[in-house]
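# Analysis of the macromolecular model
For reference, the chains in residue letters:
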Amino acid sequence: MTNLNLDAFVADLERLRSEAETALADAIDIEGLEAARVVFLGAKNGRLKAVQKGLGKLGRDDKPVGGQQFNAVKKSVEALFLQASQRVASQSKNSKGVEQVDVTLPGSPIRFGRVHPITQTIRRVSSIMANLGFEAVDGPEVEDQWHNFEALAIPNEHPARDPLDNFYIAVANADRPLLLRSQTSTVQIRVMEERKPPLRIVSLGRVYRPDTADATHYPMFHQVEGLLIEPGTTMAHLKSVLRSFASSFLGGDVRVRFRPSFFPFTEPSVEVDMEWNGRWIEMGGAGMVDPSVLQSVGYDPDEVCGFAFGLGVERIAARRFGVADIRDFYRNDIRFLEQFHDRGQA
Ligand code: DAH
């Protein structure tokens, strides 16, 4: 029962090969690939299987050639299948990569930090004072009694030394306890002990007092201390330095008012007020450096004189930024803090 002619068999094989080629080239995913595999290479009802059955119907002489042709086509379809599976696998890898970086999505914005309003104020005060010739210096926050009190003419029985008004630190020598400095006036002493006049320094930093926190008090706050030692210095120089400072800091021509007061380390002593938006605001204390202070650092009060002042940084910052409660500076609420941005500040 030999009735299949070799040419027809080979033509069938060739058609199958070219259809398989198209189908495999069209497969774009694993599902498509598998469907093509079942159609062409399927073990039961695949097209190759069907053509293979035709082999038995070839004439005896045609069988070897037919068999060869069949094997060649089978190999080439299998090779096409392998090729297509590699292509689909690598495409699906790439497409995953592309999904991860969707360049059309908006990026997440970079959040810029802000300098804390108190730090902004400190930098600005330093820079204005630098323009007036005052060098910025630092002093330690843990102090001894000499620098915080004695050299500043604050004797042992003075109420400012009361343990309830200071953060004393227990040390081995209980007679001479250290303390967290209660004022930056300590830095006046430290600088004068080390240097000879003339001097123009400013020191900005933290001070500590056990006050209950309220809208105008906090157990830790900041002061600006200024000290000028130059021959012929008077209260008029003090007032004009403070007025220049206040005018630069607050803008416009800011008036400064002195009210008589008392500090152990200045004589005469004054309270300093500044007028701003029609209101007088208390900014701190000032005066001519007391001769006994000059003596305690080894200066001769008959030869040198100068002025000193101490202002509250929180008060200055609250004024400038319109903050009513200084506790807000220390709540660490970013929404509050990021509102304040002095021009020219990082
Ligand atoms: N140290 C004072 C205080 O904390 C402020 C002060 C007043 C500083 C007068 C001074 C000054 O330099 O001359 O209350």
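Refer to the structure presented above.
Residues numbered from 1 in each chain as written. Predicted model: local features only at pLDDT ≥ 70, side-chain atom pairs only at ≥ 80, totals over all residues. Heavy atoms only, no water.

The helix and strand inventory of the protein stands at 11 helices and 10 strands. The C-alpha atoms of the protein give a radius of gyration of 45 Å, which is well past the 20 Å a tight globule of 346 residues would have. Each of the three principal axes of the protein carries a C-alpha extent, and together these read 140 × 55 × 40 Å. Of all 346 residues assigned to the protein, the portion counted as buried reaches 40%. As presented, the protein carries roughly 19,600 Å² of accessible surface, and 53% of it is formed by carbon and sulfur atoms. Counting 41 positive and 46 negative side-chain charges, the protein places the centres of these two groups 12 Å from one another. (Helix = DSSP H or I, 4+ residues; strand = E, 2+ residues; numbered from the N terminus. Rg over C-alpha atoms; globule rule 2.2 N^0.38 Å. Buried < 20%, exposed > 50% of the residue type's maximum accessible area, 1.4 Å probe, protein only. Areas by Shrake-Rupley, 256 points an atom, 1.4 Å probe, with all protein chains shown as cover. Lys, Arg positive; Asp, Glu negative; His and termini not counted. Charge placed at Lys NZ, Arg CZ, Asp CG, Glu CD.)

Close to the ligand lie 15 residues, the nearest being Gln183, Gln188, Arg209, Gln223 and Glu225. Phenylalanine 309 places a polar main-chain atom, nitrogen or oxygen, 3.4 Å from an oxygen atom of the ligand. Across the complex, the protein chains shield 90% of the 360 Å² of accessible surface that the ligand would expose by itself. Taken together, the elements giving at least two residues each to the shell around the ligand come down to helix 7 (185-194), strand 6 (220-229), strand 9 (279-289) and strand 10 (306-312). Among the residues making up the shell around the ligand, the classes are represented as five nonpolar, eight polar and two charged. (Near = heavy atom within 4 Å. Polar contact = N/O pair within 3.5 Å; in protein donor to acceptor, adjacent residues only side chain to side chain. Nonpolar A, V, L, I, M, F, W, Y, C, P; charged D, E, K, R; others polar.)

This part takes up the nonpolar core. By size, the foremost hydrophobic cluster in this structure holds 44 residues, and its most contacted members are Phe245, Met274, Leu311 and Phe329. At seven residues, the largest contribution of residues to this core is made by helix 8 (residues 235-250). When near neighbours in sequence (up to four residues on either side) are disregarded, methionine 274 contacts Leu242, Phe245, Ala246, Val254, Arg255, Val256, Arg279, Trp280, Ile281, Met283 and Leu311. The next biggest cluster of nonpolar side chains, apart from the first, holds 22 residues, and it includes Phe149, Ile189, Leu227 and Val297. (Core = buried A, V, L, I, M, F, W, Y, C linked by side-chain atoms within 4.5 Å. Contact = heavy atoms within 4.5 Å.)

So, about the environment of phenylalanine 307. Here phenylalanine 307 shows up in strand 10. The spatial distance from the C-alpha of phenylalanine 307 to the C-alpha of threonine 233 is 7.2 Å, given a sequence separation of 74 residues. Those residues in contact with phenylalanine 307, other than ones at most four positions away along the chain, are Phe134, Gly226, Leu227, Leu228, Thr233, Thr234, His237, Leu238, Val241, Gly287, Met288 and Val289.

Our focus in this paragraph is the packing of aromatic side chains. Taken as a whole and judged by the stated rule, the model has seven aromatic pairs. Taken together, a centroid distance of 5.1 Å and an interplanar angle of 45° make the contact between phenylalanine 321 and phenylalanine 340 tilted. Of this pair, phenylalanine 321 sits in helix 10 (residues 313-321) while phenylalanine 340 sits in the segment after helix 11 (334-337), placing them 19 residues apart in sequence. Under the relative-accessibility criterion, phenylalanine 321 is labelled buried at 16%. By way of ring pairs, the aromatic residues Phe321, Phe329, Phe336 and Phe340 are connected into one cluster. Stacked on the ring of phenylalanine 249, the Lys or Arg arginine 124 has its end atom at 5.1 Å from the ring centre. In this structure, lysine 239 packs its charged tip against the face of phenylalanine 258, placed 5.3 Å from the ring centre. (Phe/Tyr/Trp six-rings, centres within 6.5 Å; stacked < 30°, edge-to-face > 60°. Lys NZ or Arg CZ within 6 Å of the ring centre and 35° of its normal.)

Our next topic: helix 2 (residues 30-41). Along its 12 residues, helix 2 runs 15 Å from first to last C-alpha, staying within 8% of the 16 Å computed at 1.5 Å per residue. Regarding helix 2, the residues found buried are Leu33, Ala36 and Phe40. Looking straight down helix 2, one finds that the buried residues subtend no more than 65° of arc, so they occupy a single side. Across from the buried face of helix 2, at angles greater than 90 degrees, the exposed residues are Ile30 and Glu31. (Expected span 1.5 Å × (residues − 1). Arc of directions from axis to C-beta.)

Below, the discussion takes up the sheet that holds strand 1 (residues 135-136). Ordered in space as 1-5-6-10-9-8-7, the seven strands form an open sheet in which the pairing is mixed. The two strands at the open ends of the sheet, each matched to only one other strand, are strand 1 and strand 7 (256-263). Across five bridges, strand 9 lies against strand 10 in antiparallel orientation. Looking at strand 10, one finds that glycine 285 is bridged to glycine 310. Relative to the sheet, helix 7 contacts strand 5 (199-208), strand 6 and strand 10, its axis offset from that of strand 6 by approximately 40°. On the sheet, helix 10 packs against strand 5, strand 6, strand 8 (266-276), strand 9 and strand 10 and is oriented at approximately 150° with respect to strand 9. (Pairing = 2+ DSSP bridges. Axes fitted to C-alpha atoms, helices over the stretch in contact; angles between N-to-C directions.)

On to the pairing of strand 6, then. The element strand 6 is largely enclosed, with a buried count of 10 among its 10 residues. The side-chain alternation of strand 6 yields two buried faces, one formed by Met220, His222, Val224, Gly226 and Leu228 and the other by Phe221, Gln223, Glu225, Leu227 and Ile229. Inspection of the sheet shows strand 5 paired to strand 6 by 10 bridges, in the antiparallel sense. Bridge assignment links valine 202 to a residue of strand 6, and that residue is glycine 226. Of the strand pairs in this sheet, strand 6 and strand 10 are connected by seven bridges, and their pairing is antiparallel.

The contact between helix 5 (residues 117-131) and helix 8 brings their axes to 10 Å, and the two run at 130°. Taken together, the axis directions place helix 5 and helix 8 in an arrangement best described as oblique. Between helix 5 and helix 8 lies a crossing whose hand is right-handed. Within the contact between the two elements, helix 5 uses Thr121, Arg124, Val125, Ile128 and Met129 and helix 8 uses Val241, Phe245, Ser248 and Phe249. Partitioned by chemical class, the residues of the contact of helix 5 with helix 8 number six nonpolar, two polar and one charged. (Parallel < 35°, antiparallel > 145°, perpendicular 65-115°, else oblique. Left-handed = near helix turned anticlockwise from the far one by under 90°.)

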